[in-house]
Amino acid sequence: MAFLKTRGIVIKEVGVGEADKIITIFSRNRGRISALVKGGKRPKSKLSAGSQLMSYGEYVLYSGKDMYSVNSCEVLEPFYEIRNDMVRLTYAAHFLDIVMEIIQENQASPKLLQLLLNSLFMLTKAEKIPELVSRIFELRALTTAGYAPHVRSCMICGCEAEKVYSFSFSKCGFICDRESCISEDRFAPELSTGTSKAIQHIVHTRMEELFSFNLSDDVLDELGRITKRYLRDRLERDFTKLDFLKSI
Ligand SMILES: [Zn+2]
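As a convention, each chain's residues are numbered from 1 in the sequence order in which they are written. It should be noted that, the model being predicted, local features are given only for residues of pLDDT at least 70 and side-chain atom pairs only at 80 or more, the latter also being counted only at that level, while totals for whole chains, interfaces and linings use all residues. Excluded from the side-chain calculation are hydrogens and water; included are all heavy atoms of the structure.

Enquirer: Would you mind showing me how to read the overall build of the protein here?
Expert: The helix and strand labels rest on DSSP assignments: H or I over at least four residues marks a helix, E over at least two residues marks a strand, and numbering proceeds from the N terminus. On a plain count of helices and strands, the protein comes out with seven helices and seven strands. Element order for the protein, N to C, with α for helix and β for strand: β-β-β-β-β-α-α-α-α-β-β-α-α-α. When its C-alpha atoms are laid out on the principal axes, the protein stretches across 65 × 35 × 30 Å. Only heavy atoms enter the contact rule, under which two residues are in contact if any of them lie within 4.5 Å. Sequence separation of 24 or more characterises 60% of the internal contacts of the protein that already satisfy a separation of 6 or more. This count recognises Lys and Arg as positive and Asp and Glu as negative, with His and chain-terminal groups excluded. Here the site of a charge means NZ on Lys, CZ on Arg, CG on Asp, or CD on Glu. Here the protein holds 35 positive side-chain charges and 32 negative ones, and the gap between their average locations is 6 Å.

See below:
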């Protein structure tokens, strides 16, 4: 019997019958993995804690005829603070929604896994604004997935001095305010300096410094309009989990 040992986080759970579950694990070694959890719905099961949404742990899976089954799991981080808070839980669900769209079976994405874990940790911190954590996650997840916008300089003329930039969705990056450049995409919204610097930071900075900044409400709103549309354009669907926050 073939066993697979991997760290990972549960990004989806579906009940099966009376007592079982099928979970989707974003694993360090193999990307997306589906696995059956025998008795996972029973609170007293030793697999119950590790088969909850957002549990991060070390899993031992065995390869059955059709799919993996969870043999054992050791929970390393249950993210209780998120599960017990409706607002944070909604943001976390949004992150998982995006991750489900990006990751593939048998394709490890260690940078995206690290980003997800760090973003969830940031959601647990009272001093971090969830909207900002979410904007950072959205843009950096797209960057990690190969959809990095060109934001170091103007895409058309290459200038990178202190410029007023616009964000061109059709060209996937910044264009400067020269007439010859602007004329390449008249629909590109102009960015404030704060927003263009925030975008450059999110796309290019090291993971260790990714969350170490704050934004004014205006800049955060502007950044949100950019990342929402960029997310929809690149992944070709709407992400609606955060709409719930407008109703509470
Ligand atoms: Zn230019």
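Enquirer: Can you walk me through helix α6 (residues 193-204) in this structure?
Expert: A helix is expected to span 1.5 Å multiplied by its residue count minus one. Taking 1.5 Å of rise per residue, 12 residues should cover 16 Å, and α6 covers 16 Å from first to last C-alpha, within 8% of that figure. By the burial criterion, the buried members of α6 are Thr195, Ser196, Ala198, Ile199, Ile202 and Val203. Projected down its long axis, α6 shows its buried positions confined to an angular sector of 160 degrees, all on one face. A 1.4 Å probe rolled over the protein chains alone gives each residue an accessible area, and that area as a share of the maximum for its type sets the label: buried under 20%, exposed over 50%, partly exposed in between. By definition, the arc is the one covered by directions from the helix axis to the C-beta atoms.

Enquirer: Would you mind going over the coordination of the zinc ion with me for this structure?
Expert: Each donor-metal-donor angle in an ideal tetrahedron of four donors is 109.5 degrees, and each such angle in an ideal octahedron of six donors is either 90 or 180 degrees. At 2.3 to 2.4 Å from the zinc ion lie its protein donor atoms, namely Cys154 (SG), Cys157 (SG), Cys176 (SG) and Cys181 (SG). Bound by four donor atoms, the zinc ion shows angles of 107 to 115 degrees at the metal and therefore tetrahedral coordination geometry. Donor atoms: N, O and S within 2.8 Å of the metal, or within 3.2 Å for Na, K and Ca. Because water is excluded, sites can look incomplete. Taken in chain order, the donor set of the zinc ion reads C-x2-C-x18-C-x4-C. A residue pair is termed long-range when its members are at least 10 positions apart, and Cys157 in the loop between α4 (130-147) and β6 (166-168) and Cys176 in the loop between β7 (173-175) and α5 (179-182) qualify at 19 residues. For Cys176, a relative accessible area of 0% corresponds to the buried category. Angle rules define the geometry names used: all angles between 85 and 135 degrees makes four donors tetrahedral, while opposite donors over 155 degrees apart and all other angles between 65 and 115 make four donors square planar and six octahedral, leaving every other case irregular.

Enquirer: Just checking my understanding: could you explain the domain arrangement of the protein for this structure?
Expert: Size of an interface, as often reported, equals the accessible area lost when the parts are brought together. Where each domain begins and ends is defined by an automated method or by a domain database. Domain assignment breaks the protein into domain 1 (3-78) and domain 2 (81-155 + 157-247). Taken over C-alpha atoms, the centre of domain 1 sits 30 Å from the centre of domain 2. Values labelled buried area give the accessible surface lost by two parts on being combined, using a 1.4 Å probe and summing over both. Interface of domain 1 and domain 2: buried area, both sides summed, is about 1700 Å²; carbon and sulfur atoms make up 69% of it. Three residues stand out in domain 1 for area buried against domain 2, namely Phe26, Arg32 and Met54, and they jointly supply 42% of the buried area on that side. For salt bridges, the criterion is a side-chain nitrogen of Lys or Arg within 4 Å of an Asp or Glu carboxyl oxygen. Across the domain 1-domain 2 interface, the total number found is one salt bridge. Here Arg32 ties to Glu105 by a salt bridge, and the two come within 3.9 Å at their closest N and O atoms.

Enquirer: So what exactly am I meant to see when it comes to the nonpolar core here?
Expert: Here is a general trend for soluble globular proteins: nonpolar side chains tend to be buried in one another's company. Note on terminology: a nonpolar core comprises buried Ala, Val, Leu, Ile, Met, Phe, Trp, Tyr and Cys residues joined through side-chain atoms within 4.5 Å. Ile9, Phe26, Leu116, Leu120, Phe167 and Ile199 are the most contacted members of the largest nonpolar core, which has 62 residues in total. Each of domain 1 (3-78) and domain 2 (81-155 + 157-247) contributes no fewer than three residues to this core. In terms of nonpolar packing, the next biggest core, distinct from the first, is built from 13 residues, Leu4, Val10, Ala35 and Leu47 among them.

Enquirer: For this particular structure, what's the right way to read the packing of aromatic side chains?
Expert: Two aromatic rings, taken as a pair, are described by how far apart their centres are and by the angle between their planes. Pairing of aromatic side chains here covers Phe, Tyr and the six-membered ring of Trp, requires ring centres within 6.5 Å, and sorts the geometry by plane angle: under 30 degrees stacked, over 60 edge-to-face, intermediate tilted. Under the counting rule described, the total for this entry stands at seven aromatic pairs. Geometrically, the ring pair formed by Phe95 and Phe137 is stacked, given 4.4 Å between the ring centres and 25 degrees between the ring planes. You can see Phe95 sitting in helix α2 (residues 86-102) and its partner Phe137 sitting in helix α4, a full 42 residues away along the chain. Here the aromatic cluster, defined as three or more aromatic residues joined through ring pairs, consists of Tyr165, Phe167, Phe169, Phe174 and Tyr230. For a lysine, the NZ atom is tested; for an arginine, the CZ atom; a charge sits over a ring if that atom is within 6 Å of the ring centre and within 35 degrees of the ring normal. The ring of Phe239 carries the charged tip of Arg237 above its face, separated from the ring centre by 4.1 Å.

Enquirer: How should helix α3 (residues 110-123) be read in this particular structure?
Expert: Two residues of an α-helix separated by three or four positions point the same way, owing to the 3.6 residues in each turn. In a regular helix each residue adds 1.5 Å, so 14 residues correspond to 20 Å; α3 covers 20 Å between its end C-alpha atoms and thus fits that length. When we look at burial in α3, the residues that qualify are Leu112, Leu113, Leu115, Leu116, Leu117, Asn118, Ser119, Leu120, Met122 and Leu123. Packing partners of the buried residues in α3 comprise β1 (3-16), β2 (20-27), β4 (56-63), α1 (80-83), α2 and α4.

Enquirer: What am I meant to see in the packing of α2 against α4 here?
Expert: When two helices pack together, their arrangement is given by the angle between the helix axes and the distance between those axes. Axes, fitted as lines to C-alpha atoms, cover a helix only where it is in contact. Angles between the N-to-C directions of the axes lie from 0 to 180 degrees. One can describe the packing of α2 onto α4 by two numbers: an axis separation of 10 Å at closest approach and a directional angle of 5 degrees. Here α2 is positioned roughly parallel relative to α4, judged by the angle of their axes. Across from Tyr91, His94, Phe95, Ile98, Val99 and Ile102 in α2, the residues of α4 making contact are Pro130, Glu131, Val133, Ser134, Phe137, Glu138, Ala141 and Ala145. Broken down by class, the residue content of the contact of α2 with α4 amounts to 10 nonpolar, two polar and two charged. Orientation is classified from the angle alone, with under 35 degrees giving roughly parallel, over 145 giving roughly antiparallel, 65 to 115 giving roughly perpendicular, and any other angle giving oblique. Residues are grouped as follows: Ala, Val, Leu, Ile, Met, Phe, Trp, Tyr, Cys and Pro are nonpolar; Asp, Glu, Lys and Arg are charged; every other residue, Gly included, is polar.

Enquirer: How should I be thinking about the pairing of β1 in this particular structure?
Expert: Remark: a regular strand shows side chains that alternate across the two faces of the sheet. For two strands to be treated as a pair, DSSP must find at least two bridges joining them. In this sheet, β4 lies alongside β1 in antiparallel orientation, the contact comprising seven bridges. Pairing of Gly8 across the sheet is with Gly57, part of β4. The loop that links β1 with its antiparallel partner β2 comprises three residues; one of these, Gly17, has a positive phi angle of about 60 degrees.

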